[in-house]
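What follows is the residue order along each chain.
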Amino acid sequence: MSERVIISGGRVVDPANKRDEIADVIIENGRIADILAHVSAKPKRNGNGASNGATVIDAQGCIVAPGFVDLHTHLRQPGREDKETIETALRAAVSGGFTTVCAMPNTEPAIDSRGVVEMVRQEAQRVGLADAQVIGAVTIGRQGKELTPFAELFEAGCVGLSDDGSPVGHSLLMRRALEYARMFDRPIIQHAEDSQLAAGGVMHEGAVSTRLGLRGMPGAAETVMVARDIALAELTGGWLHVAHISCAETVDLIRDAKRRGIRVTCEATPHHLALTDAAVGDFDTLAKVNPPLRTDRDRRALMQGLADGTIDAIATDHAPHTDWEKEAEFDQAPFGISGLETALAVCITELIETKALAWPQLIERLSTTPAKIARLASGSLAKGAAADITVINPSLRWRVQAARFASKGRNTPFDQKDLIGRAVAVLRNGRLVYEAKEAGEA
Amino acid sequence: MTTTVQDVAVSPWMRKDLLGLWELSADEIRLILQTAGSFREVSERSIKKVPALRGKTVVNLFFEPSTRTRTSFELAAKRLSADIINIAAQTSSLSKGETILDTVRNLEAFNVDIIVIRHQSAGVPHAIARKSAASVINAGDGSHEHPTQALLDMFTIQEKKGRIEGLNVSIIGDIAHSRVARSNVWGLTKLGAKVTLCGPPTLMPKHLDDWNTRVTFDVEEAIEGADVLMLLRIQHERQETTLVPSLREYRLRYGLNAERLARGKPDVLVMHPGPINRGVELDSSVADGPNSVILEQVTNGLAVRMAVLYLVAGQGRPPSIEEK
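In this numbering scheme, every chain counts its residues from 1 along its sequence in written order. Chains and ligands are labelled by the order in which they are written, letters from A for the one and numbers from 1 for the other. Confidence filtering applies because this is a predicted model: local features only for residues at pLDDT of at least 70, side-chain atom pairs given and counted only at 80 or more, and all residues used for totals across whole chains, interfaces and linings.

Caption draft 1: Examining the nonpolar core more closely. What makes a nonpolar core is a set of buried Ala, Val, Leu, Ile, Met, Phe, Trp, Tyr and Cys residues, with links drawn between C-beta atoms within 7 Å. Using C-beta atoms placed from the backbone, we call a residue buried if 20 or more other C-beta atoms fall within 10 Å of its own, exposed if 12 or fewer do, and partly exposed for counts in between. Ranked by size, the top nonpolar core spans 230 residues in total, and within it Val 64 and Val 391 of chain A together with Leu 309 of chain B carry the most contacts. For the purpose of contact definition, each residue receives a C-beta atom placed from its backbone, and two residues are in contact when these atoms lie within 7 Å. Not counting residues up to four positions away in its chain, the partners in contact with Val 391 of chain A are Ile 7, Gly 10, Ile 57, Ala 59, Cys 62, Val 64, Ala 423, Val 424 and Ala 425 of chain A.

Caption draft 2: Summary view of the sheet that holds strand β1 (residues 57-62) of chain B. Residue and element names in this part refer to chain B. Strand pairing is assigned whenever DSSP detects at least two bridges linking the two strands. Helix and strand assignments follow DSSP, with helices taken as H or I runs no shorter than four residues and strands as E runs no shorter than two, numbered in order from the N terminus. In space, the four strands of this open sheet follow the order β2-β1-β3-β4, with parallel pairing throughout. Each having just a single partner strand, β2 (83-88) and β4 (135-141) make up the two edges of the open sheet. Strand-to-strand twist in this sheet, taken as the mean axis angle between neighbours without regard to direction, amounts to 15°. Taken together, the five bridges between β1 and strand β3 (residues 114-119) define a ladder with parallel strand orientation. By the bridge assignment for β3, Val 58 is matched with Ile 114. Axis geometry follows a simple rule: fit a line to the C-alpha atoms, using only the stretch in contact for helices, then measure angles between N-to-C directions, giving values from 0 to 180 degrees. Against the sheet, helix α4 (residues 124-131) touches β3 and β4, its axis set at about 170° to β4.

Caption draft 3: Expanded view of the domain arrangement of chain A. Residues and elements named next belong to chain A. Domain annotation of chain A identifies domain 1 (4-64 + 385-435) and domain 2 (67-373). Segmentation into domains, and thus their bounds, comes from an automatic or database assignment. Its C-alpha centre places domain 1 at a distance of 27 Å from the equivalent point of domain 2. Of the residues lining the interface, 30 residues belong to domain 1; the matching set on domain 2 comes to 42 residues. If you list the elements that add at least two residues to the side of domain 1 that touches domain 2, you get β17 (389-399), β18 (418-428) and β19 (431-435). With seven residues, β18 is the largest single contributor of residues to the side of domain 1 that touches domain 2. Residues were grouped as follows: Ala, Val, Leu, Ile, Met, Phe, Trp, Tyr, Cys and Pro as nonpolar; Asp, Glu, Lys and Arg as charged; and all remaining residues, including Gly, as polar. Along the lines of polarity and charge, the residues of the side of domain 1 that touches domain 2 split into 18 nonpolar, six polar and six charged.

Caption draft 4: Representation of the interface of chain A and chain B. At the interface, 15 residues of chain A touch 21 residues of chain B. Broken down by element, the residue count for the side of chain A that touches chain B peaks at three residues, all from helix α6 (residues 207-212) of chain A. Classifying every residue of the side of chain A that touches chain B by side-chain character gives seven nonpolar, four polar and four charged.

Caption draft 5: Examining the pairing of β2 of chain B more closely. Residue and element names in this part refer to chain B. Where β1 meets β2, six bridges bridge the pair, whose relative direction is parallel. Paired with Leu 61 across the strands is Ile 87, a residue of β2. Taking the sense of rotation as the criterion, the β-α-β connection linking β1, helix α2 (residues 68-79) and β2 turns out right-handed. Here, the term right-handed applies to a crossover whose path from the first strand over the helix to the second runs clockwise when the strands point away from the viewer.

Caption draft 6: Structural view of the sheet that holds strand β9 (residues 269-271) of chain B. Residue and element names in this part refer to chain B. Taken in spatial order, the five strands of this open sheet run β7-β6-β5-β8-β9, and their pairing is parallel. In this open sheet, the two strands that pair with only one neighbour each are β7 (214-216) and β9. Direction aside, neighbouring strands of the sheet carry axes that sit 20° apart on average. Along the sheet face, helix α5 (residues 147-161) touches β8 (228-231) and β9 and points at about 165° away from the line of β9.

Caption draft 7: Structural view of the domain arrangement of chain B. All names here are of chain B. For chain B, the domain assignment lists domain 1 (26-145 + 301-314) and domain 2 (147-298). Taking only C-alpha atoms, the centre of domain 1 and the centre of domain 2 are 25 Å apart. Across the boundary between the two partners, domain 1 contributes 18 residues, which contact 18 residues of domain 2. Those elements that place two or more of their residues in the side of domain 1 that touches domain 2 are α1 (26-42), β4 and α11 (294-314). Counting residues per element, the side of domain 1 that touches domain 2 draws most heavily on α1, at five residues. Looking at the side of domain 1 that touches domain 2, its residues break down into eight nonpolar, six polar and four charged.

Caption draft 8: Spatial organisation of unusual backbone geometry. The omega torsion of the bond from Glu 108 of chain A to Pro 109 of chain A falls at 0°, within 30 degrees of zero and hence cis. For the bond from Gly 274 of chain B to Pro 275 of chain B, the omega torsion is -10°, close enough to zero to count as cis. Relative to the helices and strands, Pro 275 of chain B is located in the loop between β9 and α10 (284-287). Look at Asp 317 of chain A: it is not a glycine, yet its phi comes out positive at around 50°. Relative to the helices and strands, Asp 317 of chain A is located in the loop between β16 (313-314) and α11 (323-326). A positive phi angle, near 70°, is found at Gln 416 of chain A, a position not held by glycine. Following the sequence through the fold, Gln 416 of chain A ends up in the loop between β17 and β18. On the neighbour-count criterion, Gln 416 of chain A (10 C-beta atoms within 10 Å) is exposed.

Below, the structure written as structure tokens:
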């Protein structure tokens, strides 16, 4: 079957190939056949249509980017299908512009064996919207005691290992994990938190937690762990990837480690870039997330880290929960934000509109570098590459309506917020897997 | 009888709930104290009951054990002729598979008018108030606020000293985990008192820039020049071992005894929200001594809680109290 798709007249931003120009992307048989200077198309000024047997997507005024790769997604399946299923998560992913998500292993059971990895990948293939890659657990049952069978997990296709949510606290075990993973050239992904320092904490320790009488998690709970892990990465030569960093001091530690040639990468989430602990307001559990929303100083340091390349990737930490769980007492409610469907718009609103980042930089953090960290072929619009493409309307103003999310998790502090920009068409392997229903102002 | 609370022209009470003193204006606090002054007199009559809340239903919903506060609210409601029921729930609702809001929706189905709630988790009264048509009174939420305690403390200070503005009030103890301290800081500073916080650094919050208070780790410094000493209970149940090395060391360094008290102003008031740890934060001789107003605090608590119940139930009408 020879299928031809033309994405016509958009601004093609492909940092992997240093491309940023108005062009037509030609897709044949699910792969990028060519990128040509834009030919002002004749009959199709009024939207999408067919031309010479090809499907034409009119992308004028839009950004055409390699599909986004999320390094940090909680699919919840197996185990908590009431919060999210692989199908609803992948539907949420493509509506947010993500063509690949990396599933975190804190499912029930944890992803600590080949069987669970295969189950997740098979179900994702059946759903077929976005690609689901898998991050396996570092320790069996994420218990922090015994290493999982790394070789078996990587052979089954894992792109990294993490005990996310439960930091690897034992220093010798972390050393062994970083050391052993070297032969696979894959990262150990750490949720950097000193469990004793953060014990019982439910938000950032600062002026807001002090006023509200809530137990705080100090920034030091993160930086203590990051400093230790950098020392271990230096000792072992292993690859450390620090998940969802939240503190100004963490940015400094990682910047310094990179300068010293230590193999460390990291990610930050849109909510840590957009919000501070003030979002907790009067005990809003929708703003309860771990690591916690911190101060404006931290937020600005993250932006700086993104701009100067210290922070390699933007990852959602998509963490769907049921409404009733988030209705609990603040200190009992679960941590997490449903992030796939707002990530891009939050980034455009907070980073592009404020000129903190230019478009190529944002696409690099959403597609190019996360694909490199997961060692995937995606994240590039090179000729011959699989056509995973996200078309973005960069100026569309819309209001977040969590009740209309594709995700089962409606837990977002951005509900009812006005944001700018969104994915309007998403292709995976050249097939249209998402198309925005309303093209106009939402 | 002269009223002990100065008459201030204030606007009527417009709030559905009393959740904390953080969000109240100085005028709103004065209105509660003024109303409490009127009710204080009711408790001294031979018939201690007024019909103000006849036909209203009050629920005392206590998720934490409490004798003093629960009894005080119960008696206050009864003296206002309200119907009151007590519900003691000791566990987090999630452990039963339902949320706190499910519990409240069940109560709402009985058409209750006022929910008085104490809960070990900060913010629960706020969550309930947002969802419930009933008035919500916070009777203590975690380490957050205990507004009626602070109001009765302020009422007592006002009664004994004739004013609050300009007074030096030192709060000594576990500031970090104390809802009484928070409510008193917001209330007292709004009415113009100069508040000093005193305790070991491990019991002192680190982010106090916007609290408008003075901080000292030295108890002698807190006592010197103080018009009021407010002692806080060292709460064993909220303590990890690492906060203070031992209760003995706390007593030696911060405990208020006769010797330390003698270095303060002769007419300094000694207050405590109770229950007292005799021999820890407060020596028995001081607790029972002439400077102590601890039992007056309890008496005034009743008047303050009557005032609060009355104001949230009536929302806006000025007090009119007739004997039945």
